[in-house]
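Spelled out from the first residue to the last, the chains are:
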Amino acid sequence: MASTIPDPRPGTERERAPLPAADRPARVEAHGIDHIPDAERHGHPRELFSVWAAANVNYLSLVIGGALVLMGLNLWQAIAVIVVGNLFWVLTGVLATSGPAAGAPSEVVTRALYGVLGNRVNNAVGGWLVSVCYFALNLAAAAAAAFALVEKAGLPVNVPVEIAVVVVIAALTLAISVYGHALIVRLYLPITLALTAAFAVVALAVFRHADFGYAPAQPLSGLPLWAVLLAGSTTMIASGPLSYTTSADFSRYLPRDSSPRAIALWTALGAFVPSVAVCALGAFAATAVDMSDPQTALQGILPGWFVPVFLFSLVLGTIAINALTAYSAGLALQAVGLRVRRTVSVLLDGAVAVALTLYALLVSDFLDTVGDALQAITVLTGPMMCVYATDIVLRRRRYDSAALADETPGSPFWYSGGFNPAGTAALLGGLAAGALCVDSVYTGPVAAAVGMDLSLPVGMAVATLLYTVLGRRAIAATTPAA
């Protein structure tokens, strides 16, 4: 049992106290979307660093970094886009501060934004559906690396083997999600260290071959350059920060008096540092090899003995990111109104994601369709994140935990017919503004006029402005006194 001997350093005694029975690594997490009592709060904001770092040392970051060079940017333009795009992890950090303040996950906190019934719609689309799609896409990427490992082991990669590989990867991922918060916190530090060591070897190989002065044969300039810079930044933001509007899920066990600044800092740094490093590695690699197929291309410059380790690290990194995704998807399904235990909701999410992945791998290119849909859905997730962050700032992180847990028409968060007109109008306004400016699966009139996709900055700005103007009365009526 951990020591409870008093320690003169502030907060140390609390950190060294035994973990509550409801949140221990070897036990399935007892809580779902219910409130975390103060007596069960524990930990320090710095533990969030490894949680977010492990999820961002991954294959997707390599792909995106390489894609920026393939889009026509020179090396240092790509690096600039990587840094700017990843600065948006600050928003993820801000959202994380609502977890300890409310003692609830993001899926419950957002009842304050949209109302009890409006939040069910928000969780069904912006929470559960998006999470399951990301789970399926990442699972397919992990499966591709695992198939290469199977081939190196001398086994045939036929349909039964492919099914088995997908199921095994999903099972390992869901085991982490089912055991939940405490296991994630315990596992993700060693996972971060292991992935960092593996990618350090990749970095050494890449830097030996990289062209540090790389520029495309026909450099971009003028409007085409700005269009690519904006498109690259949007891709960077959408694939990273915007896919985590649920960061309070992983901070809600922290004590109520935890420093909001520390929570935001450790969350943002944990994601920013590895994401910038790995994306930049992908950009450097694109100056030396064809990053349209990074997994295969990188094997050509890696030491032969390290290739299996590299492939395994791709699988491990994807498991780390998908475990967080499945965890939040399970909470979203509960928040939609499905009255099941969190373990059941997580397993249901996993089953749907596995089915989508197998259908895509064995029957059709369905995941390409999913990928296109996720490009378009950033028009929604951008305004969602901004409305949430604006509410936190205006409310000054003051939440009535009992009222948030009340889903009856008598709840302060029932608002008008179960919907908060201010939050709904801000989200729909941001969505409509972004839709006019999008240029991905279709071209909106504004995008056609200016020649570039402005959907993300415009949608986020409009949603922020609308909620700032419209939300103050509702916030004042539902915020407890300081």
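Residues numbered from 1 in each chain as written. Predicted model: local features only at pLDDT ≥ 70, side-chain atom pairs only at ≥ 80, totals over all residues. Heavy atoms only, no water.

1. Focus on the packing of helix α3 (residues 59–70) against helix α4 (residues 75–86)
- Here α3 crosses α4 at 135°, and the two axes come no closer than 9 Å. Relative to α4, α3 is oriented oblique. Regarding α3 and α4, the two cross each other, and that crossing is right-handed. In contact with Gly65, Leu68 and Val69 of α3, α4 contributes Ala78, Val81 and Ile82.
- Here the residues of the contact of α3 with α4 are counted per class, giving 5 nonpolar, 1 polar and no charged. (Axes fitted to C-alpha atoms, helices over the stretch in contact; angles between N-to-C directions. Helix = DSSP H or I, 4+ residues; strand = E, 2+ residues; numbered from the N terminus. Parallel < 35°, antiparallel > 145°, perpendicular 65-115°, else oblique. Left-handed = near helix turned anticlockwise from the far one by under 90°. Contact = heavy atoms within 4.5 Å. Nonpolar A, V, L, I, M, F, W, Y, C, P; charged D, E, K, R; others polar.)

2. Observations regarding the nonpolar core
- Among the nonpolar cores identified, the biggest contains 128 residues, and Tyr188, Leu298 and Phe310 are the most heavily contacted of them.
- With 14 residues, helix α15 (residues 307–336) is the largest single contributor of residues to this core.
- The residues contacting Leu298, other than those within four sequence positions of it, are Leu62, Val206, Ala285, Val289, Met291 and Phe310. (Core = buried A, V, L, I, M, F, W, Y, C linked by side-chain atoms within 4.5 Å. Buried < 20%, exposed > 50% of the residue type's maximum accessible area, 1.4 Å probe, protein only.)

3. Quick notes on the confidence of the model for the protein chain
- In this model, the protein chain carries a mean pLDDT of 89, and residues with pLDDT of at least 70 account for 93%.
- The model gives residues 1–16 a pLDDT under 50, and that stretch makes 19 contacts with residues more than four places away or in other chains. (pLDDT = per-residue confidence, 0-100.)

4. A look at the packing of aromatic side chains
- Following the criterion strictly, the structure yields 12 aromatic pairs and no others.
- With 6.0 Å between their ring centres and 35° between their planes, Trp89 and Tyr244 make a pair best called tilted. You can see Trp89 sitting in helix α5 (residues 89–96) and its partner Tyr244 sitting in the loop between α12 (222–239) and α13 (260–286), a full 155 residues away along the chain.
- Judged by its relative accessible area of 0%, Trp89 falls in the buried class.
- Classification of Tyr244 by relative accessible area gives buried; the value is 4%.
- Here Phe207 and Phe284 contribute two aromatic rings whose centre-to-centre distance is 5.2 Å and whose plane-to-plane angle is 85°, an arrangement assigned as edge-to-face. Taken together, the residues span a long stretch of sequence, with Phe207 in helix α11 (residues 181–209) and Phe284 in helix α13 at a distance of 77 residues.
- Since its relative accessible area comes to 37%, Phe207 is described here as partly exposed.
- Classification of Phe284 by relative accessible area gives buried; the value is 9%.
- One aromatic cluster is present, built from ring pairs that chain together Trp52, Trp89, Tyr244, Phe250 and Tyr327. (Phe/Tyr/Trp six-rings, centres within 6.5 Å; stacked < 30°, edge-to-face > 60°.)

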